[in-house]
Amino acid sequence: MPVSSTILVADGDASIRALIKDILEARGYRVETASSPASAAALMARRGPALVLAAHGEEDDGGSLVHEAARLGLVTPVILLISAAIDNPGRLARDCGAMAYLQKPVVRSQLEMLVRLGLAENELRSTATLQEARLSSAHAFLKSMLNADEGVIFLLDEDASVIECSGPVESLLGRDVGECAGQSYPALFSDAVANLHEGAIAKARTTRETARIEEHRGGMVLETRVRPALQGNTLSGFVVSLRDITTRRRGEVGLAESEKQYRSVFAGASDAIVLVDRERGTVMECNDAACRALGYDQAEIRGVDVQDLVAHPEQFMAAMTQGGKRVSYDYLKRKNGSSLPVELGMSYFTNAGRDVCILYAQDISRRRIVEEALREGARLYRAVVEDQTELICRYGPDGKLTFVNNAFERFVGQDEEDVLGRDFLASMGSMDRRVLTEWLDHFDPSRPVFDREVRQVRSDGEERWISWTHRAVLNDRKSVVEIQAVGRDVTEHKAAESALAQATQEKEQYRLNLEATFASIPDAILTVDSGLSVIATNSAAKSLFGFAEERSRGHRLEDVVRDETNPCVQVLRQVLKTDKPVHGYEIELKTPSMGDRMVEINCSPLVDKDRRHAGAVLIVRDISHIADLEKQLQQRHGFRGIVGRSGPMQDIYQLLEQLSSLDSIVLILGESGTGKELVAEALHYGGVRAGKPLIKVNCSALSESLLESELFGHVRGAFTGAVRDKVGRIQAAQGGSLFLDEIGDISPMLQLKLLRFLESREYERVSESKTCTADVRIIAATNADLREAVRRGSFREDLYYRLNVMPVTLPPLRDRQSDIPMLTDHFLAMFAENFGKHFDGVSEEVMDLLLTYSWPGNVRELKHALEHACILSPGKTIELRHIRKDLVDQIRSGVPEPAPVQEPGVQATFMPHRPGREDILAVLRECAGNKVQAARRLGIHRATLYRKLKAWGLDD
């Protein structure tokens, strides 16, 4: 198992510590040891082990480590190591607070079982501690949320009993908070209003929506909202909020009164007031004074174009469009055609999404009325600008401030009284002051607006970028009388612009780096668009394909690479057609300059910013040298994880190389234990589907219904226990390979469904009528005689012929005994790494034994026999005493075994015991010194014969 937990062993006996450490480390655990409780406590403080095994006796106090773990806040379980002489060890472990005890001497099975239980206990304790912390945190959050509300909050269960409450309960209900918990919520109120609250709860329970009631009590107005708490469609309780809304109600009454007063003032004003829709330029409303002054009644004037009411409509419309505040001199035209000299004041506001201009007409012959109108305009102007987030101010030509809004006051950190009269330009830099002064000194009436971004320090000391818009207010002589400035904080915008510029610079640098990397990669890289025109190539591609830069970029690939059968062109066309990548495609490529080369081709679609495929990128890697080395290495040792160098295995390797790049169905035949699964992996990972999944299914391990669900998947409710949709193995293997082991054991019904899938690549999930398709390569395996099964009628003949497209028959181990030494070395290296030991090999006696046996269980039986020997052996050499006794007895007892492979006409000699010197020399004489024939007749490997003759000095 992977090392994921630390186990601390504390025992004064070094041999006990070493024994427990060896056993546990062999199982993959990380183990630390301590010789005393004190050193163990120090390790616990530093490391926090997942489990402690502590000795407990006269000299050791394992129970102290239980208290030490509690003191350190650890959840580590402690198992006591107790001498067998101690009576009632279970009671002793309980008194110490230990999880369990283990008596000495230690029994391996008990130790491993208690360690697994201890680690599971540690995980449970850790999970419980985490859940308690989360529950406590959630409760704290709930209390904070309840206390954050200004009113009284009640949490009720589904029976309307109080679970929790917070807020000023005593002031609103006359009860203490502690008295409310557990009581029925309506019972907290007097009989006069309890029915109201009961009705609100009943309404919320029925409608599952918030219920609201309002009551007047002792001069207060109380609002209660009852919200149902739902978990899905299930009612879990209620959340009741009770607030004092007396102030809000008074404010609403005051607002209505203010509106009434405004209407009274508007209607009773002696000056003409007209409300104009700025977008349409029409009159919305006017007061009685305006109707009398213009000679219209209220019904007639509504909707009249305001330009028909003024003598100079262009001047007026320009002022209103630009947001002007005053037209110092103009005439209003009455209905009867006469005119009235007035000074027009204008203010603006937004009502129900409409921009409105308030037009004040004052008779200029009455200066007192004009001044009053100006003061009224200033008041309305302040009402408009006070709540603006922009900095708004006005200053004279000398720079002295005459007006500031609240936003300006907050920015400078001073009140209006302290700011008015100060020099507005003093807060700017010297360059900004000079530019603004030049604009004022050389003012052009055709350019009344001046924009500039300046850096200014806010009251908190932070420097901000402010975009100021200065608008000059002119008199009738086109002279500047005042300047209105509106400032907007654009610091974040400037920061975004700076970040964008930096990102653009980094992007350009990345592009240059990418181009340099692209040019220096030794693999040939070629990108094309969706029309197969070359977009870019690197120098390696030019060398591999033999074309120059001017003959590649922008040209069609067929014009650059003349050979239509070139696999690179074919792969690019396939990727552009299917939008699916190709990875690890190995093939021999004929190049113009280097001749025939073995290359690996990888090709992926190019995706544009809209996630649409816009071409493909091809990467070609020259692996000729690697392929040569791999072929040599495979010839010597094996093929893609399969070990063996005998003649039958070399034939298998050659066949697998031919089948790897194809999608044909492969049927792997062979006895149990011959490595059919390894052959399936070699076929998958050696072909073009290597980058896709290899899904394995053991057909004999599942019942008919379960196997159908595993293969094809099922939908929710297909059978009892199918609580959700299940993805079948065929769907999971999309684009890859599906390995069907023990194919001969499937039922006739599944044989029919599998035959349909093999023929059409279509299938249906269990209890679903929708037909699905899958691109999957089928690899099947069996140790049964399918021909005999077809003859008996237990296996469909048409399915057999469909599967038997390309059979691969694996030889049993008895037919390739020359591979036994190599397999032995392979398994010893594997077990040496697993068990943390070192093995030089097996003894000569053991090798003779392994070569003599026929191995009915094949490679699997050999592996398990060697695993048994590696567990018993301390290391170095595997001796005969480490081999399973029943296997040795079976070989030596002369049980009939299949005859070893021999040449025609050579009679094998079976011996009831291991051949000795005299036996070997006698057979050599009979074979006229032919060592190969002698080894076959003796039933031993010829390498063993050579080794024995060399030891006897007879190798000449």
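Look up a bit, the structure's there.
Residues numbered from 1 in each chain as written. Predicted model: local features only at pLDDT ≥ 70, side-chain atom pairs only at ≥ 80, totals over all residues. Heavy atoms only, no water.

**Topic: the overall build of the protein chain**
We count it as follows: Secondary structure elements follow DSSP: runs of H or I of four or more residues count as helices, runs of E of two or more count as strands, with numbering from the N terminus. Note that the radius of gyration is over C-alpha atoms, with the globule rule given as 2.2 Å times the number of residues to the power 0.38. Burial classes: relative accessible area under 20% of the type maximum marks a residue as buried, over 50% as exposed, and values in between as partly exposed (1.4 Å probe, protein chains only).
On a plain count of helices and strands, the protein chain comes out with 35 helices and 36 strands. Against the 2.2 N^0.38 benchmark of 30 Å for 956 residues, the protein chain shows a C-alpha radius of gyration of 47 Å, more extended than a compact globule. Principal-axis analysis of the C-alpha atoms places the extent of the protein chain at approximately 150 × 90 × 65 Å. Relative to its full complement of 956 residues, the protein chain shows a buried share of 41%.

**Concerning the packing of aromatic side chains**
For clarity, the threshold we go by: Only rings of Phe, Tyr and Trp enter the pairing, Trp through its six-membered ring, and a pair is recorded when the two centres are within 6.5 Å. The plane angle decides the type: under 30 degrees is stacked, over 60 is edge-to-face, the rest tilted. For a Lys NZ or an Arg CZ to count as sitting over a ring, it must be within 6 Å of the ring centre and within 35 degrees of the ring normal.
One pass over the full model with this rule turns up 13 aromatic pairs. Seen from their ring centres, W439 and F443 are 5.7 Å apart, and the 80° between their planes marks the pair as edge-to-face. For the pair formed by W439 and F443, the shared burial category is buried. Among the aromatic side chains, those forming a connected cluster through ring pairs are Y395, F408, F424 and W468. Here K494 stacks its cationic end above the ring of W465, 4.4 Å away from the centre of that ring.

**Considering the layout of surface pockets**
The condition is simple: Only protein atoms enter the 1 Å grid, on which a cavity is a set of points fitting a 1.4 Å probe that cannot get out and a pocket is an open set with protein on both sides within 12 Å along at least 5 of 7 lines, lining residues being those with an atom within 4 Å of a point. Grid points are joined across faces, edges and corners, and a volume is the space filled by probe spheres set on the points. Only Asp, Glu, Lys and Arg are considered charged in this grouping, and only Ala, Val, Leu, Ile, Met, Phe, Trp, Tyr, Cys and Pro are considered nonpolar; every other residue, Gly among them, is considered polar.
In this structure, the largest pocket spans a volume of roughly 1,100 Å³. Taken together, 35 residues form the lining of the largest pocket, with G324, K325, R326, V473 and L474 sitting closest to its centre. Taken together, the elements giving at least two residues each to the lining of the largest pocket come down to helix 12 (313-321), strand 13 (326-333), strand 14 (339-351), strand 15 (354-363), helix 13 (367-385), strand 19 (463-474) and strand 20 (480-489). Each residue belonging to the lining of the largest pocket can be placed in one class, and the counts come to 16 nonpolar, 11 polar and 8 charged. Taken as a whole, the second largest pocket holds about 720 Å³ of empty space.

**Notes on the nonpolar core**
Put simply, the rule reads: Within this scheme, the nonpolar core is defined by two criteria: the residues are buried Ala, Val, Leu, Ile, Met, Phe, Trp, Tyr or Cys, and they are joined through side-chain atoms within 4.5 Å. A contact between two residues is defined here by any heavy atoms of the two lying within 4.5 Å.
Judged by nonpolar contacts, the single largest core of 31 residues is most densely connected at L738, L740 and I743. Going through the elements one at a time, strand 29 (694-698), helix 24 (704-712), strand 30 (737-741), helix 26 (748-760), strand 33 (777-782), helix 27 (786-792) and helix 28 (797-803) are the ones with two or more residues in this core. Looking at this core element by element, the count peaks at 5 residues for helix 26. Other than its neighbours up to four places away in sequence, L740 contacts V697, C699, L711, L754, I778, I779, A780 and A781.

**With respect to the sheet that holds strand 19**
Note the threshold: In this description, strands pair whenever DSSP reports at least two bridges between them. Only the stretch in contact is used when a helix axis is fitted, and all axes are lines through C-alpha atoms; the angle between N-to-C directions ranges over 0 to 180 degrees.
What the 5 strands build is an open sheet, ordered 17-16-20-19-18; its pairing is antiparallel. Looking at the sheet topology across the chains shown, the edges are occupied by strand 17 (401-404) and strand 18 (449-457). On average, each strand axis in the sheet is tilted by 25° relative to the strand beside it, whichever way the strands run. Sheet topology note: the strand 16 (residues 391-395)/strand 20 ladder contains 5 bridges and is antiparallel. Among the inter-strand pairings, R394 is bridged to a residue of strand 20, identified as Q484. Here helix 16 (residues 430-441) sits on the sheet and contacts strand 16, strand 18, strand 19 and strand 20; the angle it forms with strand 18, its principal contact strand, is near 160°.

**Focus on the packing of helix 33 (residues 917-926) against helix 34 (residues 931-938)**
Describing two packed helices takes the angle between their axes plus the distance from one axis to the other. Put simply, the test is: Comment on the angle field: the value is read as roughly parallel under 35 degrees, roughly antiparallel over 145, roughly perpendicular from 65 to 115, and oblique elsewhere. Crossing chirality is assigned from the near helix's rotation relative to the far helix, an anticlockwise turn below a right angle marking it left-handed and a clockwise turn marking it right-handed.
Viewed as axis vectors pointing N to C, helix 33 and helix 34 meet at an angle of 125°, and their least axial separation amounts to 9 Å. As judged from the angle between their axes, helix 33 and helix 34 are oblique. Read as a crossing pair, helix 33 and helix 34 show a hand that is right-handed. Note on element contacts: helix 34 touches helix 33 through K931, A934, R937 and L938, opposite D919, I920, V923, L924 and E926.

**Description of helix 16**
The cut-off we apply is this: In this scheme, a helix's expected span is set at 1.5 Å multiplied by one less than its residue total. Summarising the geometry, the arc corresponds to the directions from the helix axis toward the C-beta atoms.
Along its 12 residues, helix 16 runs 16 Å from first to last C-alpha, staying within 8% of the 16 Å computed at 1.5 Å per residue. Of the positions making up helix 16, those classed as buried are D432, L436, W439 and L440. The arc that holds the buried residues of helix 16, viewed along the axis, is 100°, so those residues lie on one side. Facing away from the buried side of helix 16 by over 90 degrees, the exposed positions are S430 and D441. Check the buried side of helix 16 and you find it contacts strand 16, strand 18, strand 19 and strand 20.

**Some words on the pattern of salt bridges**
In plain terms, the rule: When a carboxyl oxygen of Asp or Glu is within 4 Å of a side-chain nitrogen of Lys or Arg, the pair counts as a salt bridge.
Applying the stated criterion to the full structure yields 38 salt bridges. For K21, the salt bridge identified is with E25, shortest N-O distance 3.9 Å. With K21 and E25 both in helix 1 (residues 14-26), this residue pair falls 4 residues apart, about one helical turn. Judged by its relative accessible area of 29%, K21 is partly exposed. Via salt bridges that share partners, R458, D460, E462, R464, D489 and E492 belong to a single interconnected network.

**Overview of helix 8 (residues 191-207)**
The first and last C-alpha atoms of helix 8 sit 25 Å apart over 17 residues, in line with the 24 Å expected at 1.5 Å per residue. When we look at burial in helix 8, the residues that qualify are V193, A194, H197, A200, I201 and A204. When helix 8 is viewed along its axis, its buried side chains cluster within an angular range of 125° and face the same direction. Helix 8 presents D191, A192, N195 and T206 as exposed residues on the side facing more than 90 degrees away from its buried surface. The secondary structure elements touched by the buried residues of helix 8 are strand 6 (152-157), strand 8 (211-217), strand 9 (220-231) and strand 10 (234-244). Among the residues trailing helix 8, R208 stands out with phi positive, at a value near 60°.

**Quick notes on the environment of C772**
Of note, C772 is situated in strand 32 (residues 771-773). Taking the C-alpha atoms as reference, C772 lies 12 Å from H714; in sequence the two are 58 residues apart. The contacts of C772, once residues within four sequence positions are left out, are R761, E762 and Y763.

**Quick word on empty space enclosed by the protein**
Under the defined criterion, the tally for this structure stands at 4 cavities of 30 Å³ or more. In this structure, the largest cavity occupies an estimated 60 Å³ of space. A272, V274, A290, L294, L309, L332, L359 and A361 are the residues that line the largest cavity. Of all the secondary structure elements, the ones that give two or more residues to the lining of the largest cavity are strand 11 (272-277), helix 10 (288-294) and strand 15. A class-by-class count of the residues in the lining of the largest cavity yields 8 nonpolar, no polar and no charged.

**Points about the sheet that holds strand 8**
What links the strands of a sheet is backbone hydrogen bonding, and the strands pair in either a parallel or an antiparallel sense. Spatial strand order, 7-6-10-9-8: 5 strands in an open sheet with antiparallel pairing. In this open sheet, the two edge strands, each paired with only one partner strand, are strand 7 (162-166) and strand 8. The sheet shows a mean angle of 15° between the axes of neighbouring strands, direction not considered. Helix 8 rests against strand 6, strand 8, strand 9 and strand 10 of the sheet, and its axis sits at about 170° to strand 8. Its contacts with the sheet place helix 9 (residues 246-268) against strand 8, strand 9 and strand 10, and it is angled at close to 120° to strand 9.

**Structural notes on the state of the cysteines**
Just so we agree on the cut-off: In this description, a disulfide is simply a cysteine sulfur pair whose atoms lie within 2.5 Å.
Counted by the stated rule, this structure contains 0 disulfides. Among the cysteines around C180, which has no disulfide bond, C165 carries the closest sulfur, lying 4.3 Å off. Overall, the relative accessible area of 0% leaves C180 in the buried class. A disulfide-free cysteine, C291 has its sulfur positioned 3.4 Å from the sulfur of C286, the nearest such atom. C291 sits in the buried class, given a relative accessible area of 8%.

**Things to note about the side chain of S660**
Formally: Here a polar contact means two N or O atoms within 3.5 Å. Within protein one must be a hydrogen donor candidate and the other an acceptor candidate, and residues neighboring in sequence count only if both atoms are side-chain atoms.
Checked against the element boundaries, S660 lands in helix 22 (residues 647-660). Separated by 2.7 Å, the side chain of S660 and the backbone oxygen of L656 make a polar contact. Excluding residues that lie within four positions of it along the chain, S660 makes contacts with R640, A682, L683, G686, G687, V688 and R777.

**Looking at unusual backbone geometry**
In this structure, the amide linkage connecting K104 to the following residue, P105, adopts the cis form with an omega of 0°. With respect to the secondary-structure elements, P105 resides in the loop between strand 5 (100-104) and helix 5 (108-148). We note that A160 has phi near 70°; this positive angle belongs to a residue other than glycine. If you trace the backbone, A160 turns up in the loop between strand 6 and strand 7. The class of A160 is buried, set by a relative accessible area of 6%. Not every positive phi belongs to a glycine, and R208 is a case in point at roughly 60°. Structurally, the position occupied by R208 is in the loop between helix 8 and strand 8.

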